[in-house]
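Close look at the chain arrangement
Residues per chain, in single letters:
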Amino acid sequence: MSREVIRVEDLTYTYPQSDEPALKGVSLTVREGEIVTLMGHTGCGKSTLCLTLNGIIPHAIGGELEGRVVVDGLDVMEHDIAELASRVGMVFQDPETQLFCATVRSEVAFGPENLALPREEIAERVRWALEATRLSGYEDREPTRLSGGEKQQVALAAALAMRPKILVMDEPTSELDPVGTRRILSLIREMNERYGITFLIVEHKEEAVLMSDRVVLMKEGRVVCQGRPEEVFSDEEVVSESRVRPPEVAKLFYELKRRGVYSGRIPLTVEEAEEILREMLSGARGEAPPLREARRPETEPVVVVDRVTYRYRNGPVALRGVSLEVRDGEFVAIIGSNGAGKTTLVKHFNGLLKPTEGRVLVDGVDTRDVAVSELATRVGYVFQNPDHQFFCFTVEEEVAFGPRNLGLSEEEVRQRVDEALKIVGLDAMRERHPMTLSRGQRQRLAVASVLAMHPRVIVLDEPTTGQDEVAIHQIMTLVDRLRRAGKTIVMVTHDMSLVAEYAERTVVMRRGEVLMDGPTREVFSRPELLAESNIEPPPMARLASRLADLGIPGGIMTVREMADAVERMVAG
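Across its full length, the protein chain carries 23 helices and 20 strands. Relative to the globule expectation of 25 Å for 572 residues, the C-alpha radius of gyration of the protein chain, 25 Å, shows essentially globular dimensions. Along the three orthogonal principal directions, the C-alpha set of the protein chain runs to about 65 × 65 × 50 Å. The buried share of the protein chain, reckoned over its 572 residues, is 54%. A separation threshold of at least 6 residues defines the contact pool for the protein chain, and within that pool the share at least 24 residues apart is 67%. With the model as given, the accessible surface of the protein chain reaches about 24,700 Å², and the carbon-plus-sulfur share is 46%.

Now the structure itself:
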């Protein structure tokens, strides 16, 4: 059995000026060569635990630490950050916080240079790290001009150049599209197999779960469960209490168990699910229920994009002759890989960007002829990072800011604030500072700020990035409620399961052009076209296509639809 390289013993830690410990009696061991994924709800202590492993806590941040943390034989309380950095590499969620040099080469060389290594060894380490992260040829590129996935690769290369035995990665794929996610996770697996590097990864995505040797669940500063992925996710109650998002296939079999249709082990992959369902459905005489068809509302277009081309100043062409309409009351998802033009497109809806060629009409008004402030009353925009929208000292002031700048009476402003805060469930927090809210609450506050402007259209740019299962459910329940109340919703997302669950229509973008535009069920039935935009249909759609020969409808997209079909067929 391999040796322990991380040992955390009864660790309790409290941040400076905090009364409540962030970690409460945490104990954990990681063995050499393992890939361990750390999961849990927002604020459960995952990132705090990571920061203890290279000494940033307590040496740089301070606070009160009880217990013991030993990394590769070194007690973190007895060794400084510089010494620990040669044993433990750290890659943060946002790679831009780690990148500050003019070229990729200088970025990767920075760490070894600060170890005062010989020039020849620094050059060899840089060459090796770039090759290991598939960045050979990028040496003279500017990090700021790389894609999100490439920036994350540079941050990983910079950590690797220190030749650590252990790499700690805090949500390394949260900002990435499916292609970038697969690239980073495949690099992790490759470096683990080729170089024996031990990985501790904080992640929400099921792809990370499936490649892990072990999964550790945390809740409110404590470790509540750990084991092989199939062991951990066999217990729906523990998974639910930890507020983590289980793999979609596991969700299906949780549901089948609740309905009394299944009682066996919980699979995690589409391939395992296919094997089990083939056995369950062999000889089944029932028929799957018909699928509900989403109908495009017979309403007037509220946004018209007419042959729009957009070129960034001194930069690339981001949109190429895009034309589409968004009708009043629709829920439209816009999907595609990083750099496909999704955010550029939706920023045209409220005038944040103006077309280089073509035109955008909102309620029949050309966006080039009106100010952004006027368009804000028609199209509300919720940014991917809600913190980019906050600048007031209380929740109430934040929501009041927009209506007040419309020149409304204080009575009207108060009514709008009360209405918006009640809708998003933040009425009791109106006196709180926005930055004291959780990430999910801040996302809802951003929605409230937009709602108070009474727009017809709400644009959400990656509203669930980095959120735990509870926050995702809260945000999407709110968004769906707004759509049912008559709002038009446009959502940019990489989460295909959310698209399948909520969006009636989906627009697929690739290299600044619209590749597909139609009912979501129809779009997900074209995997060969989706592949051109580096998109994979959601797990239930892939599973349905594998079981079509048994009578499972090929258009199934969601867990509920698949469970309904299996239950009806088994029951006969």
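Our focus in this paragraph is the pairing of strand β16 (residues 379–382). Residues of β16 alternate between two faces, with V379 and Y381 on one and G380 and V382 on the opposite face, all of them buried. In the sheet, β16 pairs with strand β17 (residues 457–461) via four bridges, with the strands oriented parallel. Note that in β17 the partner of V382 across the bridge is L460.

Turning next to helix α4 (residues 104–114). Turning to α4, its buried residues number three or more, namely V104, E107, V108, A109, G111 and P112. Tucked inside the fold, the buried residues of α4 contact α5 (119–132) and α6 (148–160). Immediately downstream of α4, the backbone of A116 shows phi near 60 degrees, a positive value.

Below, the discussion takes up the environment of I266. For I266, the position within the fold is in the loop between α11 (248–258) and α12 (270–281). Put simply, I266 and E236 are 30 residues apart on the chain and 9.4 Å apart in space, counted from C-alpha to C-alpha. The contacts of I266, once residues within four sequence positions are left out, are F233, S234, A250, F253, Y254 and K257.

Read from one edge to the other, the open sheet built from four strands follows the order β2-β1-β4-β5, with strand pairing classed as antiparallel. The open sheet is flanked by β2 (23–31) and β5 (74–75), the only strands paired with a single partner.

Tracing the backbone through its elements, the reader meets S497 in helix α19 (residues 496–502). Residue classification places S497 among the buried positions, given a relative accessible area of 14%. Apart from residues lying up to four places away in sequence, S497 is in contact with R245, E248, P538 and P539.

Take the packing of helix α15 (residues 395–405) against helix α17 (residues 439–451) next. The N-to-C vectors of α15 and α17 enclose an angle of 35 degrees; their axes lie 7 Å apart at closest approach. Considering only the axes of α15 and α17, their crossing is right-handed. Across the interface between the two elements, V395, E398 and V399 of α15 pack against L445, A448 and S449 of α17. Its residues assigned to classes, the contact of α15 with α17 comprises four nonpolar, one polar and one charged.

A few words now on the environment of V365. Mapped onto the secondary structure, V365 falls in strand β15 (residues 365–366). Accessibility expressed as a relative area gives 23% for V365, which makes it partly exposed. Along the chain, V365 and C50 lie 315 residues apart, while their C-alpha atoms are 51 Å from each other. With sequence-adjacent residues up to four places away left out, V365 is seen in contact with V360, V370 and R378.

Moving on to the layout of surface pockets. Looking at the second largest pocket, its volume works out to about 940 Å³. Considering the residues around the second largest pocket, the lining is formed by 45 residues, among which K205, E206, E207, H494 and D495 are closest to the centre. Of all the elements in the fold, those that place two or more residues in the lining of the second largest pocket are α7 (178–195), α8 (206–211), α11, α12, α18 (469–484), α19 and α22 (539–546). Element by element, the count of residues in the lining of the second largest pocket is highest for α7, at four residues. Tallied by class, residues from the lining of the second largest pocket come to 15 nonpolar, 12 polar and 18 charged.

Relative to the 18 Å expected for 13 residues at 1.5 Å per residue, α6 spans 18 Å between its end C-alpha atoms, a close match to the ideal helical length. Here α6 lies mainly inside the structure; 12 of its 13 residues are buried. Three or more residues of α6 are buried, namely G149, E150, K151, Q152, Q153, V154, A155, L156, A157, A158, A159 and L160. Buried residues in α6 make contact with β6 (88–91), α4, α5, β7 (166–170) and α7.

One ladder, built from five bridges, connects strand β11 (residues 301–311) with strand β14 (residues 357–362); its direction is antiparallel. Directly across from T309, in β14, lies its bridge partner E357. As paired elements, β14 and β15 share two bridges and run antiparallel to each other. Its bridge partner being in β15, L361 is matched across the sheet by D366.

Now for the packing of aromatic side chains. Using the criterion set out here, one finds seven aromatic pairs in the structure. Their ring planes at 90 degrees and their centres at 4.8 Å tell us that Y310 and Y312 sit as a pair that is edge-to-face. Measuring from ring centre to ring centre gives 4.7 Å for Y381 and F383, while their planes differ by 50 degrees; the resulting arrangement is tilted. The exposure class of F383 is partly exposed, given its relative accessible area of 25%. Of note, R163 hangs over the ring of W128, and the distance from its end group to the ring centre comes to 4.6 Å.

How each quantity is defined
Residues numbered from 1 in each chain as written. Predicted model: local features only at pLDDT ≥ 70, side-chain atom pairs only at ≥ 80, totals over all residues. Heavy atoms only, no water. Helix = DSSP H or I, 4+ residues; strand = E, 2+ residues; numbered from the N terminus. Rg over C-alpha atoms; globule rule 2.2 N^0.38 Å. Buried < 20%, exposed > 50% of the residue type's maximum accessible area, 1.4 Å probe, protein only. Contact = heavy atoms within 4.5 Å. Areas by Shrake-Rupley, 256 points an atom, 1.4 Å probe, with all protein chains shown as cover. Pairing = 2+ DSSP bridges. Axes fitted to C-alpha atoms, helices over the stretch in contact; angles between N-to-C directions. Left-handed = near helix turned anticlockwise from the far one by under 90°. Nonpolar A, V, L, I, M, F, W, Y, C, P; charged D, E, K, R; others polar. 1 Å grid on protein atoms, 1.4 Å probe; cavity = no way out; pocket = protein on both sides within 12 Å on 5 of 7 lines; lining within 4 Å. Points joined across faces, edges and corners; volume = space filled by probe spheres on them. Expected span 1.5 Å × (residues − 1). Phe/Tyr/Trp six-rings, centres within 6.5 Å; stacked < 30°, edge-to-face > 60°. Lys NZ or Arg CZ within 6 Å of the ring centre and 35° of its normal.

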